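Analysis of the macromolecular model
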Amino acid sequence: REEAEEARQELREVVRPLREPGYREALRRKAERARKRRLRLQRRKQEAKAAKEEEAARAAEREAKIDQWRAKCIQEGEEKNRERELKAAADSVLSEVRKKQADTKRMVDILRALEKLRKLRKEAAGRKGVCPPPSADEAFENQVESLKTLLKNRTELYEAEERALRVMLEGEQEEERKREMEKKQKKEREKLLQQKLEIDSKLFGDPDEFPLAHLLQPFREYYLQAEHSVAALIQIRHEWDQYLVPADHPEGSCIPPGWVLPSLPTNDTWATAVR
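Residues numbered from 1 in each chain as written. Predicted model: local features only at pLDDT ≥ 70, side-chain atom pairs only at ≥ 80, totals over all residues. Heavy atoms only, no water.

As a further point, take the overall build of the protein chain. Scanning the protein chain for helices and strands turns up six helices and zero strands. Starting at the N terminus and ending at the C terminus, the protein chain contains elements arranged as α-α-α-α-α-α. In the protein chain, which comprises 275 residues, the proportion classed as buried is 7%. Pairs at least 24 residues apart make up 58% of the contacts formed inside the protein chain by residues separated by at least 6 positions. By element, 56% of the accessible surface of the protein chain is carried by carbon and sulfur atoms, the whole surface being about 24300 Å². (Helix = DSSP H or I, 4+ residues; strand = E, 2+ residues; numbered from the N terminus. Buried < 20%, exposed > 50% of the residue type's maximum accessible area, 1.4 Å probe, protein only. Contact = heavy atoms within 4.5 Å. Areas by Shrake-Rupley, 256 points an atom, 1.4 Å probe, with all protein chains shown as cover.)

A few words now on a nonpolar patch on the surface. Residues Phe 219, Tyr 222, Tyr 223, Trp 259 and Leu 261 make up a contiguous nonpolar surface patch of roughly 580 Å² in combined accessible area. Note that Tyr 223 resides in helix α4 (residues 217-223). (Patch = residues over 30% accessible without salt bridge, like charges linked within 9 Å, V, L, I, M, F, W, Y side chains within 5 Å. Salt bridge = Lys/Arg side-chain N within 4 Å of Asp/Glu carboxyl O.)

With that out of the way, let us pick up the UniProt feature "coiled-coil region" (unreviewed entry) in the protein chain. Taking the numbering used here, the UniProt-annotated feature "coiled-coil region" (unreviewed entry) corresponds to residues 170-198. Across residues 170-198, helical content stands at 100% and strand content at 0%; the span's end C-alpha atoms are separated by 42 Å. (UniProt positions renumbered as here; feature names shortened; annotations may be inferred.)

Looking now at a positive patch on the surface. A contiguous patch of positive charge, built from Lys 72, Lys 80, Arg 84, Lys 183, Lys 186, Lys 187 and Arg 189, is present on the exposed surface. Elements with a minimum of two residues in the positive patch: α2 (23-127) and α3 (134-204). For the positive patch, the element with the most residues is α3, which contributes four residues. Its location among the elements puts Lys 187 in helix α3. Judged by relative accessible area, which is 60%, Lys 187 ranks as exposed. (Lys, Arg positive; Asp, Glu negative; His and termini not counted. Charge placed at Lys NZ, Arg CZ, Asp CG, Glu CD.)

Following the criterion strictly, the structure yields 10 salt bridges and no others. The salt bridge partner of Glu 32 is Arg 35, with a shortest N-O separation of 2.4 Å. Residue Glu 32 and its partner Arg 35 are both found in helix α2; the two are separated by three residues, about one turn of the helix. What makes Glu 32 partly exposed here is its relative accessible area of 25%. A relative accessible area of 35% places Arg 35 in the partly exposed class. In this structure, Glu 55 and Arg 62 form a salt bridge, with 3.4 Å as the shortest nitrogen-oxygen distance. Look at Arg 62 and you get partly exposed, because its relative accessible area is 43%.

In structure tokens form, the structure reads like this:
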């Protein structure tokens, strides 16, 4: 009996706070604070995880750009090395061909000198009353003609080789000029595209930073409808043509060639509205 009384007394002590006014509200506030604390911890954990994933994505993007730039540099270096090697090989072959041509020309000059020398010696021997037999003259002439034919064939062959090498070198130079022109045009296109993006950003807002970009989509569709519809292009051009005037017209001005960019804010209030 005493043990039961003690147990009942202990139970009363435990239940007593529950009967006090405001205890349930305090308990509810405590539970609410614990719930909010858990939510804050979960939110911070999610934000940290998102920040970590975003940083990892940026790092991966940087690595990809670095790899792309490195591959581009390696490719350009390999192309330049191949071009240098090809040009060096072509120059070496061309130098060898020119050397062969010089040797052939020298042999032709030697052959002419031999003909002239034999003629002089034959005239000197004739003045002394010594005349070589006709067979000797015929053999000499046949040998000279054979050598002339050989040298002529070699000269034509070397000239053809030189022309082929020059055509190849000119083709390589033309390809190099074409590549340089394409690079220049690509840079110009990228520059124009960047300028267009900057102008569109000033006119319509940056789609990456402006959270209400989707709200401007109807306006973009309106201003860009002429790019997708011939009828809209004709209608807009007709409306613009009504206001075409010379540059010096006193009651108007000519249509600007591009977008009319907004002027800079003249006061802080305007600047706040623009931002």
